[in-house]
Amino acid sequence: MSDHPIIRAGHPVLRQIAKPVEDPTAPEIAQLVEIMERQMTEAGGVGLAAPQIAVSKRVVLFFVPDRRLSGLDGDYPLPLTALVNPVIEKLGDETDVDWEGCLSLPGLRGLVPRHTHIRYTGYTPEGEFIDRQVSGFHARVVQHEFDHLDGVLYPGRMTDLLSLGFTEEIAARMEEEAFAAE
Ligand code: NI
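These numbers were taken from a predicted model, which means no experiment stands behind them. (Residues numbered from 1 in each chain as written. Predicted model: local features only at pLDDT ≥ 70, side-chain atom pairs only at ≥ 80, totals over all residues. Heavy atoms only, no water.)

> Would you take a moment to explain the overall build of the protein for this structure?
Helix and strand counts for the protein come out as three helices and eight strands. Starting at the N terminus and ending at the C terminus, the protein contains elements arranged as α-β-β-β-β-β-β-β-α-β-α. Taking 2.2 N^0.38 as the reference for a compact globule, 182 residues should give roughly 16 Å; the C-alpha atoms of the protein span a radius of gyration of 16 Å, in line with that estimate. Along the longest, intermediate and shortest principal axes, the C-alpha atoms of the protein span 55 × 35 × 25 Å. Put simply, 67% of the contacts in the protein that link residues at least 6 apart link residues at least 24 apart. When the accessible area of the protein is evaluated, it comes to approximately 9800 Å², of which 53% is carbon and sulfur surface. Charge-centre separation for the protein: the mean point of 16 positive side chains lies 6 Å from the mean point of 29 negative side chains. (Helix = DSSP H or I, 4+ residues; strand = E, 2+ residues; numbered from the N terminus. Rg over C-alpha atoms; globule rule 2.2 N^0.38 Å. Contact = heavy atoms within 4.5 Å. Areas by Shrake-Rupley, 256 points an atom, 1.4 Å probe, with all protein chains shown as cover. Lys, Arg positive; Asp, Glu negative; His and termini not counted. Charge placed at Lys NZ, Arg CZ, Asp CG, Glu CD.)

> Can you walk me through the pattern of salt bridges in this structure?
Opposite charge on two side chains lets them pair, provided their charged atoms get close. Across all of its chains, the model carries eleven salt bridges by this definition. Asp150 is the salt-bridge partner of Arg58, the closest N and O atoms lying 2.9 Å from each other. Within this pair, whereas Arg58 is found in the loop between β1 (47–49) and β2 (59–64), its partner Asp150 is found in the loop between α2 (136–149) and β8 (165–166), the two being separated by 92 residues in sequence. Accessibility expressed as a relative area gives 30% for Asp150, which makes it partly exposed. The salt bridge involving Arg114 is made with Glu100; its shortest N-O contact spans 2.8 Å. Within this pair, whereas Arg114 is found in strand β5 (residues 108–115), its partner Glu100 is found in strand β4 (residues 95–100), the two being separated by 14 residues in sequence. Judged by its relative accessible area of 4%, Arg114 is buried. Each of Asp96, Glu100, Arg114, Arg140, Asp147 and Arg157 takes part in one network of salt bridges that share partners. (Salt bridge = Lys/Arg side-chain N within 4 Å of Asp/Glu carboxyl O. Buried < 20%, exposed > 50% of the residue type's maximum accessible area, 1.4 Å probe, protein only.)

> Looking at this structure, I do not really get α2. What am I missing?
Residues spaced three or four apart along an α-helix face the same direction, because each turn holds 3.6 residues. Here α2 is 14 residues long and its end C-alpha atoms lie 21 Å apart, about the 20 Å a rise of 1.5 Å per residue gives. Burial analysis of α2 places 14 of its 14 residues in the buried class, which makes it a mostly covered element. Once α2 finishes, Gly151 follows within two positions and takes phi at roughly 75°, a positive value. (Expected span 1.5 Å × (residues − 1).)

> Sorry if this is basic, but what is going on with the sheet that holds β1 here?
The strands making up a sheet associate through backbone hydrogen bonding, with each pair oriented either parallel or antiparallel. If you walk across this open sheet you meet the five strands as β1-β2-β3-β6-β7, and the pairing is antiparallel. With partners counted over all chains shown, the strands left at the sheet margins are β1 and β7 (129–135), one partner each. Strand-to-strand, the axes of this sheet are offset by a mean angle of 40°, without reference to chain direction. Sheet analysis places β2 next to strand β3 (residues 78–90), joined by five bridges and oriented antiparallel. Opposite Phe62, over in β3, you have Thr81 as the bridge partner. Where helix α1 (residues 27–43) meets the sheet, it contacts β1, β2 and β3, and its direction lies at approximately 45° from that of β2. (Pairing = 2+ DSSP bridges. Axes fitted to C-alpha atoms, helices over the stretch in contact; angles between N-to-C directions.)

Take a look at the structure:
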């Protein structure tokens, strides 16, 4: 498992239901997470799922940086966390819409509705059981990465496909809007 580049939309592994991991503490899982961490960091992402390096296993990696926090209770910064066999439960019916990108759709952004509040569980590669109730961006990144395990990329969750665009164009418009608002 030395190479494993990030694969892009169109690759069949991204459409598959990933397989549960029998033993989250197996050395091969620690090795997989190490490769995922290297690829994610090189690409400048905040999350990566194993299918994105063509490994069809239920393993995700993510962190929650300060700069992305929504200000909601339950949206708190989180250092890099690997989760094996994660499970998500939505808490309430509230949703919010925000921009998302994906390392498997490089250069693009789209507006994606997600549940505002969720609970998620799973195991770390050290065997620790994680059980958290989170909101906002934290909830968003977990839902995005979890979707990869079921073969879903974020455009599949978009309700306004016309908002799909290139990051450079969207960022330029946002700057213009910011100036216009001043
Ligand atoms: Ni993604």
